[in-house]
Amino acid sequence: MPIRRKDLPTPAIRRVLAAAATTIFLAGCAGDVKGVLTPVASTVPGASKVTMLVATTRAADPDAGVLYSGERGKPSFVEMTISLPPDSRRKIGEVQWPSRLPGNPETDFVTLKVDKLDARTGLARLHERVSRVPKRRVMVFVHGFNNRFEDAVYRFAQIVHDSDADVVPVLFTWPSRGSLFAYGYDRESATYSRNALESLLQGLARDPAVGEVSLLAHSMGNWVALESLTQMAVRNRGIPPKIANVMLASPDVDADVFRTQIAEMTGRRPKFTLFVSQDDRALAVSRRVWGNKDRLGAVDPDVEPYKTEFEKDKITVLNLTKLRTGDKLNHGKFAESPEVVKLIGTRLVDGQPITDSRVGLGDRLIEVTGSAAAAVGTAAGIVVSAPVAVVDSQARRNLGDRVEHLGNNIQDTGAAVGNTVTSPFQNPNVSR
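Residues numbered from 1 in each chain as written. Predicted model: local features only at pLDDT ≥ 70, side-chain atom pairs only at ≥ 80, totals over all residues. Heavy atoms only, no water.

As recorded in an unreviewed UniProt entry, the protein goes by Alpha/beta hydrolase and comes from Bosea eneae.

So, in structure tokens, the structure goes:
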């Protein structure tokens, strides 16, 4: 059958595909190694160590260097110790991935210990560690879309170290496939995991050994966090006082839905801090995917109805729009910025009041290697997701599997992509 001109991709779509191909090629050259969680024998002098308790709803993976896959499983626990290179060999906000196995503790993040635990042993480990922390504080982190298990572990280790937060770190990781094409699956997996996160938070709030809990969520992880808190508020007629601080970073959540969630949190609520950025291009595309409705992480807090609503609900908003970044997505200025990540550790976890002026507006910031919302299996999905650092070998394998599918649907995606998607990625800045 001859190819007709109208069957060929439009110029806009050709630009999208060219950007995607370039980005994925560059990502493939970045040193993506599978199995980085296999423990190494020792670290080096001057290296830092972060030990965290991990609660997950992922299915176990038979590969000891992977530990958990992106598939759904029953809640389980593991304690891990991660070694970070000496501070002289790294920048604040940076995760340094091994280019080969075993990783080099002098220059790479490496795993030192992995202990899979039952619930009782996990609780005992938590008690032992929290007893040595001032005010017996715990910080729970919930990652976003397109994160493999190791992405979440190493990113949280970086946040804990660089923020200098005096807390016991607890990672809650839900079944994300870490794939460019799994936005729909990830979203459903987030919903699948909300009961497990609520159960974790309820347990921490009831535990007499725990003094205070801070919750930090990023991107799609905010959906899990807010749903869990809403359920907790309805069940308990308020959120327990030990849940003291909730930090919502670039939430990929419908602003109207957030309004209803906050309204359902009757009774006592924690202190909410919201990180927003109107130049967040990942959330701009997510807005298109979700019916052109505002995403919470991209609203302007100085316009109505948000200004009045945030004031009424006593939500502190840090507007990071004016911060300049080295990446075109502007989707996660909270984790790689030295100023913002230290702000989390030194003031927000401590429950102190904060204003935009303390963030250091105008300082050089590095874009977070975090997640980006995108349409599933479309050219838009490839281009929005690919420049983010979590582009990995599995995603590239999935790309090969989906090229034919993408070609068959190219006409359907053209209208949704347009210049809004293509313009940010003329010169993508790719890093792992």
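Structure shown, so let's carry the discussion forward.
### Notes on the environment of Pro98
Put simply, the rule is: In DSSP terms, a helix is any run of H or I states spanning at least four residues, a strand is any run of E spanning at least two, and both are numbered starting from the N terminus.
In this fold, Pro98 is placed in the loop between β2 (68–84) and β3 (110–117). Along the backbone, Pro98 and Val110 are twelve residues apart, and their C-alpha atoms lie at a distance of 7.7 Å.

### Re unusual backbone geometry
The residue after Leu101, namely Pro102, is reached through a cis peptide bond having omega -10°. Mapped onto the elements, Pro102 comes out in the loop between β2 and β3. With an omega of 5°, the peptide bond running from Glu304 to Pro305 counts as cis. Here Pro305 lies in the loop between α8 (281–289) and α9 (306–312). If you check the backbone angles, Ser219 has positive phi at about 55° while not being a glycine. The residue Ser219 is located in the loop between β6 (212–218) and α6 (221–236) in this model.

### Here we look at the packing of helix α5 (residues 194–206) against α6
What counts here: In this analysis, axes come from line fits to C-alpha atoms, helices being fitted only over the stretch in contact, and the angle between any two N-to-C directions falls in the range 0 to 180 degrees. Any angle between 65 and 115 degrees counts as roughly perpendicular, while under 35 counts as roughly parallel, over 145 as roughly antiparallel, and the rest as oblique. Crossing handedness is defined as follows: a turn of the near helix away from the far one that is anticlockwise and smaller than a right angle gives a left-handed crossing, while the clockwise case is right-handed. Any two residues whose heavy atoms approach within 4.5 Å are treated as being in contact. Note on residue categories: nonpolar means Ala, Val, Leu, Ile, Met, Phe, Trp, Tyr, Cys or Pro, charged means Asp, Glu, Lys or Arg, and polar means any other residue, Gly included.
Orientation of α5 relative to α6, taken along the N-to-C sense of each, is 60°, at an axis distance of 8 Å. Relative to α6, the element α5 lies oblique. For the pair α5 and α6, the sense of crossing is right-handed. Along the contact surface, α5 presents Arg194, Asn195, Leu197, Glu198, Leu201 and Gln202, while α6 presents Val224, Ala225, Glu227, Ser228, Leu229, Gln231, Met232, Arg235 and Asn236. Residue composition of the contact of α5 with α6, by class: six nonpolar, five polar and four charged.

### Things to note about the packing of aromatic side chains
Selection rule: Ring pairs shown here join Phe, Tyr and Trp side chains whose ring centres sit within 6.5 Å, with only the six-membered ring taken for Trp; geometry is labelled stacked below 30 degrees between planes, edge-to-face above 60, and tilted in between. For every residue, the accessible area (1.4 Å probe, protein chains only) is compared with the maximum for its type, and the residue is labelled buried under 20%, exposed over 50%, or partly exposed between those bounds.
Using the criterion set out here, one finds six aromatic pairs in the structure. Both rings, one in Trp97 and one in Tyr154, keep their centres 5.1 Å apart while their planes meet at 35°; by these two values the pair is tilted. Of this pair, Trp97 sits in the loop between β2 and β3 while Tyr154 sits in helix α3 (residues 149–163), placing them 57 residues apart in sequence. With respect to burial, Trp97 and Tyr154 carry one shared label: buried.

### Side note on the nonpolar core
Heads up, the rule is: Side-chain atoms within 4.5 Å are what join buried Ala, Val, Leu, Ile, Met, Phe, Trp, Tyr and Cys residues into a set we call a nonpolar core.
Ranked by size, the top nonpolar core spans 52 residues in total, and within it Val138, Val140 and Phe172 carry the most contacts. For this core, the leading source of residues is α6, giving seven residues. Beyond its immediate stretch of four places on either side in the chain, Phe172 contacts Ala55, Thr57, Val140, Phe141, Val142, His143, Ser193, Ala196, Leu197, Leu200 and Val224.

### Concerning the pairing of β2
In summary, the side chains of a regular strand alternate between the two faces of the sheet. Note the following rule: Should DSSP find at least two bridges between two strands, the strands are taken to pair.
Most of β2 is tucked away: twelve of the 17 residues are buried. Bridge analysis of strand β1 (residues 48–60) against β2 gives eleven bridges, and the strand direction is antiparallel. Looking across to β2, one finds that Ser48 is bridged to Leu84. Where β2 meets β3, seven bridges bridge the pair, whose relative direction is antiparallel. Directly across from Ile82, in β3, lies its bridge partner Thr111.

### As for the sheet that holds strand β8 (residues 271–276)
Taken together, nine strands build an open sheet; the order of strands is β3-β2-β1-β5-β4-β6-β7-β8-β9 and the sheet is mixed. Where the open sheet ends on each side, the last strands, each with one partner, are β3 and β9 (315–319). Averaged over neighbouring strand pairs, the angle between their axes works out to 20° when direction is ignored. Where β1 meets strand β5 (residues 168–173), four bridges bridge the pair, whose relative direction is parallel.

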